[in-house]
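# Inside the fold
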Amino acid sequence: MKNSTIQYRKIHVAASSSYDILIGDNMLACLGEELHSLLGECRLALLTDSNVDALYGNLMTDMLSAAGYDVCKYVIPAGEESKSAENMLAFLNFMAENRLTRSDALIAFGGGVVGDLGGLSASLYLRGIPYIQVPTTLLAAVDSSVGGKTAIDVPAGKNLVGAFYQPRLVCCDTTLMDTLSTDIYRDGCAEVIKYGVILDAALYDRLHTVPFDRIDVVARCVEIKRDVVQEDEFDNGKRGLLNFGHTFGHAIEKLSNFAVSHGAAVAKGMLIAAKMAPLCGLADIEASLTALLQRYGFDLDCPYSAEELYDVILSDKKRRGGKLTLVLPRAIGECDLVTMPVEEVLVKLKQIL
């Protein structure tokens, strides 16, 4: 960034709308300057949650105001339950009441819930306004803030209402992760491990060193996701690999009424997928993956039956008619998209659980 001594990594995404992802310590101090280069003069709607607002809300609004921006802030309760149609409509109405125009912008300042809700709201308000992702969690930094998938949850399932809508910028200040609880930080580690399993054996090996170098590992995960998104932005092929562990993980989340966090559920889901792979003639990585997940402190027991998981999976958005595509490992660093009849998923789940 101009006139700045802050060291950071810049990763460019060449999607339908191109943008940069900036990763480094103390990046918030540079955000106002970057926004001027990107947006010029405009008003900003700042969306955040109650946890982030308590820690950084005043800092963010003060810095944006000092940079010359008129900011209106909207705070949602922290937690997955806030990723709802009701909250989205309330936020859309808030922006309308504050008379934001198409030349104004939205900043999603928080974890995955804020990023998803903010991105979908930006895609809908006035049929689309610019938005910036400022992730505050490891999980959001390596996954949900990148790639333009936005969504809310509905009673039938997670992320069933959404849109592909790319941000104008992702600004990842890794120092914000210093205040994360152990559980929330661990959630992000599940997604980091996912990247190693699906596409980078060298990254997987690096993760055996705990703690890992945060900036380097975040940047590597973002590079992997960038490459996948550029090849398959609208999730018609290779991008499906990013769902490793998620079909089963989302089912576990829903069955627990989101008492099991996303990362914890994905860890369980990845292990279920690893157990299923040999039943489909693929690699047996169960022991290796179990050991690595346990190294990060994950509880890997699945509290639900095959039938319970299957019932939720039938509503999965990756199902096409009577078939479901699962991500199963061929080796560490290489996964396949395996399509099978949904009834066969139940048969195999009964063999595992």
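So, here's what we can say about the structure. This is a predicted model, so every value here is computed, not measured.

With that settled, consider the nonpolar core. Counting residues in each nonpolar core, the largest one holds 76 residues, and the members touching the most others are Ile-21, Ile-193, Leu-207, Val-218, Phe-248, Leu-289 and Leu-349. Sorting elements by how many residues they give to this core places helix H10 (residues 262-276) first, with 10 residues. For Leu-349, the contacting residues outside a window of four places in its chain are Phe-248, Ile-272, Met-276, Ala-306, Leu-309, Tyr-310 and Ile-313.

Next up on the list: the packing of helix H12 (residues 306-313) against helix H13 (residues 342-352). Helix-helix packing: each pair is described by the crossing angle between the helix axes and the interaxial distance. Orientation of H12 relative to H13, taken along the N-to-C sense of each, is 155 degrees, at an axis distance of 9 Å. Accordingly, the angle class assigned to the pair H12 and H13 is roughly antiparallel. Remark: the crossing between H12 and H13 carries right-handed chirality. Between H12 and H13, the contacting residues are Ala-306, Glu-307, Leu-309, Tyr-310 and Ile-313 on the first element and Val-342, Glu-343, Leu-346, Leu-349 and Lys-350 on the second. Among the residues forming the contact of H12 with H13, the class breakdown is seven nonpolar, no polar and three charged.

Now for unusual backbone geometry. Note the cis peptide between Val-210 and Pro-211, where omega equals 0 degrees. Here Pro-211 lies in the loop between helix H7 (201-206) and helix H8 (214-231). Unlike most non-glycine residues, Leu-126 shows phi in positive territory, near 55 degrees. In this structure, Asp-235 takes a positive phi of about 60 degrees despite not being glycine.

Inspection of the entire model under this criterion finds two cavities of 30 Å³ or more. In terms of lining, the largest cavity is formed by 14 residues, of which the most central are Gly-157, Lys-158, His-250, Val-312 and Asp-316. Contributing elements (two or more residues each) for the lining of the largest cavity: strand S8 (157-164), helix H9 (246-255) and H12. Among the elements that take part in the lining of the largest cavity, H9 stands out by supplying four residues, more than any other. Looking at the lining of the largest cavity residue by residue, the class counts come to five nonpolar, four polar and five charged. Lining the second largest cavity, in full, are Asn-243, Phe-244, Gly-245, His-246, Thr-247, Phe-248, Ala-273, Leu-326 and Val-327. Breaking the lining of the second largest cavity down by element, the ones donating at least two residues are H9 and strand S11 (323-331). In terms of residues, the lining of the second largest cavity owes the most to one element, H9, which gives three residues.

This part takes up the sheet that holds strand S12 (residues 334-341). Taken in spatial order, the three strands line up as S10-S11-S12 in an open sheet, and their pairing is antiparallel. Two strands lie at the open edges of the sheet, namely strand S10 (319-320) and S12, each paired on one side alone. Where S10 meets S11, two bridges bridge the pair, whose relative direction is antiparallel. Across the sheet, Arg-319 pairs through a bridge with Leu-324, a residue of S11. Contacts between H13 and the sheet are confined to S10, S11 and S12, with S12 contributing the most and set at about 115 degrees to the helix.

Taken in spatial order, the seven strands of this open sheet run S1-S2-S9-S6-S5-S3-S4, and their pairing is mixed. Two strands in the sheet have a free side with no partner beyond their single neighbour: strand S1 (9-13) and strand S4 (70-76). Sheet twist, expressed as the average angle between the axes of neighbouring strands with direction ignored, equals 15 degrees. Two strands pair when backbone bridges link them, and S1 and strand S2 (residues 19-24) are joined in this way by five bridges, in the antiparallel orientation. Bridge pairing in S2 places Lys-10 opposite Leu-22. Docked against the sheet, helix H4 (residues 112-124) engages strand S3 (43-49), S4, strand S5 (105-110) and strand S6 (131-135), running at close to 165 degrees with respect to S5.

Take the layout of surface pockets next. Here the second largest pocket is characterised by a volume of approximately 190 Å³. Sorting elements by how many residues they give to the lining of the second largest pocket places helix H6 (residues 182-199) first, with four residues. Here the residues of the lining of the second largest pocket are counted per class, giving six nonpolar, one polar and two charged.

Cut-offs and rules
Residues numbered from 1 in each chain as written. Predicted model: local features only at pLDDT ≥ 70, side-chain atom pairs only at ≥ 80, totals over all residues. Heavy atoms only, no water. Core = buried A, V, L, I, M, F, W, Y, C linked by side-chain atoms within 4.5 Å. Buried < 20%, exposed > 50% of the residue type's maximum accessible area, 1.4 Å probe, protein only. Helix = DSSP H or I, 4+ residues; strand = E, 2+ residues; numbered from the N terminus. Contact = heavy atoms within 4.5 Å. Axes fitted to C-alpha atoms, helices over the stretch in contact; angles between N-to-C directions. Parallel < 35°, antiparallel > 145°, perpendicular 65-115°, else oblique. Left-handed = near helix turned anticlockwise from the far one by under 90°. Nonpolar A, V, L, I, M, F, W, Y, C, P; charged D, E, K, R; others polar. 1 Å grid on protein atoms, 1.4 Å probe; cavity = no way out; pocket = protein on both sides within 12 Å on 5 of 7 lines; lining within 4 Å. Points joined across faces, edges and corners; volume = space filled by probe spheres on them. Pairing = 2+ DSSP bridges.

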